[in-house]
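The residues making up each chain are set out below.
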Amino acid sequence: DAKTTQPPSMDCAEGRAANLPCNHSTISGNEYVYWYRQIHSQGPQYIIHGLKNNETNEMASLIITEDRKSSTLILPHATLRDTAVYYCIGHRGGKLIFGQGTELSVKP
Amino acid sequence: NAGVTQTPKFRILKIGQSMTLQCAQDMNHNYMYWYRQDPGMGLKLIYYSVGAGITDKGEVPNGYNVSRSTTEDFPLRLELAAPSQTSVYFCASSYSGTPRQDYGYTFGSGTRLTVV
């Protein structure tokens, strides 16, 4: 399973784009990258996932580098409700293994 | 459609007591998981199941047991509670382990357990 590295915390101004980086240099070729977030100790919430192509949904965009060693989650217009811990996770063999995550604070 | 339901939401146990954390899902998901989350930390996988009658250990299985007699239910058993098991426990489910067929795990709201 890929080990992921994320900055422990980040700030973002409300209305601006939040760009959350993740390094996953040990990821294998068939291992997906998942992003989840956890708001105030609630159960984690799925955001997006990808293998090697960039992905976009109603919540966010995921940019994966060509060598797949890193990715960036983009929240295009962050709101105060996006304040949460964001987890970048490798997924293989039917298991999600969580790391420490990035605590994103969206400020007015 | 309730999703993943965990009971109880809160519990205080004395050292050495036993209890079962309940988890039920109504989405006909094959895969189910138990995680624990200590304060300020990420989630750690305790046990998981890929279908009824099949369970396997995760990262931190010691002190816990599970069973999966039905697709819907995946209870977690603590036999001899210890202070180190004070944590928030999350149950999750997914349709399969293959991301192309599944848009992610659905998590329950958690059980907050304190062992004193």
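Everything here concerns the structure above.
Residues numbered from 1 in each chain as written. Chains lettered and ligands numbered in written order. Predicted model: local features only at pLDDT ≥ 70, side-chain atom pairs only at ≥ 80, totals over all residues. Heavy atoms only, no water.

## Topic: the overall build of chain A
Applicable threshold: What counts as a helix is a DSSP run of H or I of at least four residues, what counts as a strand is a run of E of at least two, and both are numbered from the N terminus. Only protein chains enter the accessibility calculation, which uses a 1.4 Å probe. A residue is then buried if its area is under 20% of the maximum for its type, exposed if over 50%, and partly exposed in between. Residue contacts follow a heavy-atom distance rule, with two residues in contact if any of their heavy atoms lie within 4.5 Å. Positive charges come from Lys and Arg alone, negative charges from Asp and Glu alone, with His and the N- and C-terminal ends not counted. By convention, charge coordinates are those of NZ in Lys, CZ in Arg, CG in Asp, or CD in Glu.
Each helix and strand counted, chain A has zero helices and ten strands in total. Put simply, chain A runs from its N terminus to its C terminus through helices and strands in the order β-β-β-β-β-β-β-β-β-β. By residue count, 48% of the 108 residues in chain A fall in the buried class. Sequence separation of 24 or more characterises 54% of the internal contacts of chain A that already satisfy a separation of 6 or more. Within chain A, the 10 negative side-chain charges are centred at a point lying 4 Å from the centre of the 10 positive side-chain charges.

## Here's the deal with the overall build of chain B
Applied cut-off: Every radius of gyration here is taken over C-alpha atoms, with the globule rule written as 2.2 Å times N^0.38, N being the number of residues.
When its secondary structure is counted, chain B shows zero helices and eleven strands. Ordered by position from the N terminus, the helices and strands of chain B form the series β-β-β-β-β-β-β-β-β-β-β. Taking 116 residues into account, the globule formula puts the C-alpha radius of gyration at 13 Å, and chain B, at 14 Å, falls close to it. Taken over 116 residues, chain B has a buried fraction of 47%. For chain B, the share of sequence-separated contacts (at least 6 apart) that also reach a separation of at least 24 residues comes to 56%.

## Side note on the sheet that holds strand β7 (residues 70–75) of chain A
To keep it simple, the criterion reads: By the convention used here, strands pair only if DSSP detects at least 2 bridges between them.
The sheet built from four strands is open, its strands ordered β2-β7-β6-β5 (chain A) with antiparallel pairing. Among the strands making up the open sheet, the edge pair consists of β2 (18–23) and β5 (55–56) of chain A.

## Re the packing of aromatic side chains
For any pair of aromatic rings, the description rests on two quantities: the centre-to-centre distance and the angle between the ring planes. The line we're drawing: Two aromatic rings, drawn from Phe, Tyr or Trp (for Trp, its six-membered ring), form a pair once their centres lie within 6.5 Å of each other, and the interplanar angle then sorts them: stacked below 30 degrees, edge-to-face above 60, tilted otherwise. Charge over a ring is defined by NZ of Lys or CZ of Arg lying within 6 Å of the ring centre and within 35 degrees of the ring normal.
Taken as a whole, this structure holds 16 aromatic pairs over all chains when the rule is applied. Put simply, the rings of Y34(A), Y36(A), Y46(A), Y87(A), F98(A), Y31(B), Y33(B), Y35(B), Y48(B), Y105(B) and F107(B) pair up and form one aromatic cluster. Sitting over the face of the ring of F74(B), R68(B) holds its NZ or CZ atom 6.0 Å from the ring centroid.

## As for the sheet that holds strand β7 (residues 64–66) of chain B
All names here are of chain B. Rules: Orientation is described by lines fitted to C-alpha atoms, with helices fitted over the stretch in contact, and by angles between N-to-C directions that extend from 0 to 180 degrees.
One open sheet accounts for four strands, arranged β1-β3-β8-β7; its pairing is antiparallel. Among the strands making up the open sheet, the edge pair consists of β1 (4–7) and β7. With strand direction ignored, the average angle separating the axes of adjacent strands in the sheet is 20°. As judged from the three bridges shared by β7 and strand β8 (residues 76–78), these two strands associate in the antiparallel manner. What sits directly across from Y64, in β8, is L78.

## Some thoughts on the environment of G110(B)
Take G110(B): it is sitting in the loop between β10 (106–107) and β11 (111–115). The spacing of G110(B) and L80(B) is 30 residues in sequence and 21 Å in space, taken between C-alpha atoms.

## Structural notes on the interface of chain B and chain A
The condition that has to hold: Note on definitions: buried area is the accessible-area loss of two parts on being combined, 1.4 Å probe, summed for both. Salt bridge, as used here: a side-chain nitrogen of Lys or Arg that lies within 4 Å of a carboxyl oxygen of Asp or Glu. Under the rule applied, a polar contact is a pair of N or O atoms within 3.5 Å (in protein, one hydrogen donor and one hydrogen acceptor; residues adjacent in sequence only if both atoms are side-chain atoms). Note on residue categories: nonpolar means Ala, Val, Leu, Ile, Met, Phe, Trp, Tyr, Cys or Pro, charged means Asp, Glu, Lys or Arg, and polar means any other residue, Gly included.
Listed per partner, the contact involves 22 residues of chain B and 19 residues of chain A. Note on chain B versus chain A: buried area summed over both sides is about 1700 Å², and carbon and sulfur give 56% of it. Across the contact surface, chain B and chain A share zero salt bridges. Counting across the chain B and chain A interface gives three residue pairs in polar contact (both at pLDDT 80 or more). Elements with a minimum of two residues in the side of chain B that touches chain A: β4 (31–37) and β5 (43–51) of chain B. The element that contributes the greatest number of residues to the side of chain B that touches chain A is β4(B), accounting for four residues. Here the side of chain B that touches chain A is composed, by residue class, of twelve nonpolar, six polar and four charged.

## Points about the pattern of salt bridges
Once the charged atoms of two side chains with opposite charge are near each other, the side chains can pair. Counting across every chain of the model gives three salt bridges over all chains. Salt-bridge contacts for R37(A) lead to D82(A); the nearest nitrogen and oxygen are separated by 2.8 Å. On the criterion of sequence distance, the pair formed by R37(A) in strand β3 (residues 32–38) and D82(A) in the loop between β7 and β8 (84–92) is long-range, its members being 45 residues apart. Each of the two residues, R37(A) as well as D82(A), counts as buried. With a shortest N-O distance of 3.3 Å, R77(B) and E79(B) are connected by a salt bridge. On the accessibility criterion, R77(B) (30% relative accessible area) is partly exposed.

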